[in-house]
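What follows is each chain in one-letter form.
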Amino acid sequence: YESWPKEVDLFLSACVFFHRFIAKPFALRLRIQSHGPGQAQPNAILEKVFTSITKYPDAKRFEGLAKQLDWDVRKIQRWFRHRRNQDKPSPLTKFCESTWRFTFYLGIFTYGVTFLWSTPWFWDTRECWYNYPYQPLTTGLYCYYIMELAFYWSLMFSQFTDIKRKDFLIMFVHHLATIGLISFSYMNSMVRVGTLVMCLHDASDFFLEAAKLANYAKYQRLCDLLFTMFGFVFVTSRLGIYPLWILKTTLFESWEIIGPYPSWWLFNGLLLVLQVLHIIWSCLILRVAYKAMVKGKTGKWEPLHVSKDDRSDIESSSDEDDASSHRSKRHHPFSVNDASNGSNGHVATESWAEQH
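Quick caveat: nothing in here was measured; it's all calculated off a predicted structure.

### What about the environment of Asn 188?
So, step 1. Topologically, Asn 188 is positioned in the loop between α8 (168–187) and α9 (191–202).
So, step 2. In sequence terms Asn 188 and Trp 264 are 76 residues apart; their C-alpha atoms lie 9.7 Å from each other.
So, step 3. Polar contacts involving the side chain of Asn 188 include one to the main-chain carbonyl oxygen of Phe 184, which spans 2.9 Å.

Right, here's the structure in full:
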């Protein structure tokens, strides 16, 4: 357990290497845009307000600044919007991040299925509790745990260096619960059921990252298909398989075979927290799909034209000005034209629909 911080360090180094020497050349070959939004017009007064007071002035402050600078209010609003956009990462950066996540999720899911296929507890979950807690920790189990834990620690750290997004709190709780579950199950020899939880959660993530990559590369039909596959796998695995397979064995089979004990309550409490998050995210994904269908020009189902990533791609607050300007445009509710506003993440949110 003491070696885990070193593993996280190595994982972050591998991430940097992958971005620089693999993902970036691949992105450039696909001609992904390497520069972000244009620079806002230099203005010392507005810059001071932006950096020292607020990035989202209210109507009263806008009026005061308009009088001070002899500018139109709309011009000042546009300046603040452009200034906020200026801090967003470029499509190239976001493409590299999504490439890294896609590679990890696909690789770890493949490893997990290959490893679990030959284990007895994959076919009979009651095997997770026989001979507990005297179950051997094989090399394959250890590597699986170390890779997953290192990855989620890296996600936790990156949250504080990235632009703050709308779902920051939800993702923070998710990462805490995930790291807590992985660490807790490892220390309490619950590694068998832990591997089932990890493999199930990795089943849908690479579809979402692949959809984002297709979106950045402007392969919109492929993006639509991959997002639809992601939504289907996410909802069925998190709302169907997870409670019927995972929660069933941790709540009922473990009680029957080994009985309850103090850490049993904490472990199942964390699993139930994840289930609550699954319900929230599934509702948001379905809401996005519904809004895309309703906003179609013909009034019938059209493929999802995803313009945002799986989570909020803008700063922590919505830009009303920007949203209204998007709504005034006549394009599909999820047009690829807005792909430059994307960012990377883990799950879908209704910010896609809110911004159009």
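### With respect to helix α11 (residues 220–257)
So, step 1. Largest kink in α11: about 55°, centred on Tyr 242, with the proline Pro 243 one to four residues after it.
So, step 2. Downstream of α11 by a residue or two, Gly 259 has a phi angle that is positive, lying close to 80°.

### Focus: the pattern of salt bridges
So, step 1. All chains considered together, the criterion is met by four salt bridges.
So, step 2. Here Glu 47 ties to Arg 83 by a salt bridge, and the two come within 3.0 Å at their closest N and O atoms. Here the residue Glu 47 occupies a position in helix α2 (residues 44–52), and Arg 83 occupies one in helix α4 (residues 73–86), the gap between them amounting to 36 residues.
So, step 3. The class for Arg 83 is buried, based on a relative accessible area of 10%.

### Details of a nonpolar patch on the surface
So, step 1. A cluster of nonpolar side chains, Tyr 219, Leu 222, Leu 225 and Met 229, forms an exposed patch at the surface whose accessible area comes to about 390 Å².
So, step 2. Locating Leu 225 in the fold gives a position in helix α11.

### Some details on unusual backbone geometry
So, step 1. Of the consecutive residues Tyr 132 and Pro 133, the connecting peptide bond is found in the cis state with omega at 5°.
So, step 2. By the secondary structure assignment, Pro 133 is in the loop between α6 (120–123) and α7 (139–161).
So, step 3. Phi is positive for Asn 131, which is not a glycine, with a value near 65°.

### Points about the side chain of Arg 192
So, step 1. Take Arg 192: it is sitting in helix α9.
So, step 2. One buried charged side chain, Arg 192, makes no salt bridge at all; its nearest oppositely charged neighbour is Glu 127, positioned 4.4 Å away.
So, step 3. For Arg 192, the side chain forms a polar contact with the main-chain oxygen of Glu 127, separated by 2.7 Å.
So, step 4. Beyond its immediate sequence surroundings of up to four residues, Arg 192 is in contact with Trp 121, Glu 127, Cys 128, Tyr 130, Gln 135 and Pro 136.

### With respect to the confidence of the model for the protein
So, step 1. The share of residues in the protein with pLDDT of 70 or more is 77%, and the mean pLDDT across the chain is 78.
So, step 2. Taken element by element, the predicted model of the protein shows its lowest mean pLDDT in helix α14 (residues 351–354) (36) and its highest in α6 (96).
So, step 3. This model gives residues 297–356 a pLDDT under 50, and the stretch forms 179 contacts once residues within four places in sequence are excluded.

### Points about empty space enclosed by the protein
So, step 1. Throughout the structure, instances matching the rule amount to five cavities of 30 Å³ or more.
So, step 2. Each pocket or cavity is described by its volume, and for the largest cavity that value is around 150 Å³.
So, step 3. Every residue lining the largest cavity is counted, 16 residues in all, and those nearest its centre are Thr 178, Leu 181, Ile 182, Val 197 and Met 198.
So, step 4. Contributing elements (two or more residues each) for the lining of the largest cavity: α7, α8, α9 and α12 (262–294).
So, step 5. Partitioned by chemical class, the residues of the lining of the largest cavity number nine nonpolar, five polar and two charged.

The rules behind these values
Residues numbered from 1 in each chain as written. Predicted model: local features only at pLDDT ≥ 70, side-chain atom pairs only at ≥ 80, totals over all residues. Heavy atoms only, no water. Helix = DSSP H or I, 4+ residues; strand = E, 2+ residues; numbered from the N terminus. Polar contact = N/O pair within 3.5 Å; in protein donor to acceptor, adjacent residues only side chain to side chain. Bend = angle between axes of the 7 residues up to and from the residue. Salt bridge = Lys/Arg side-chain N within 4 Å of Asp/Glu carboxyl O. Buried < 20%, exposed > 50% of the residue type's maximum accessible area, 1.4 Å probe, protein only. Patch = residues over 30% accessible without salt bridge, like charges linked within 9 Å, V, L, I, M, F, W, Y side chains within 5 Å. Areas by Shrake-Rupley, 256 points an atom, 1.4 Å probe, with all protein chains shown as cover. Lys, Arg positive; Asp, Glu negative; His and termini not counted. Contact = heavy atoms within 4.5 Å. pLDDT = per-residue confidence, 0-100. 1 Å grid on protein atoms, 1.4 Å probe; cavity = no way out; pocket = protein on both sides within 12 Å on 5 of 7 lines; lining within 4 Å. Points joined across faces, edges and corners; volume = space filled by probe spheres on them. Nonpolar A, V, L, I, M, F, W, Y, C, P; charged D, E, K, R; others polar.

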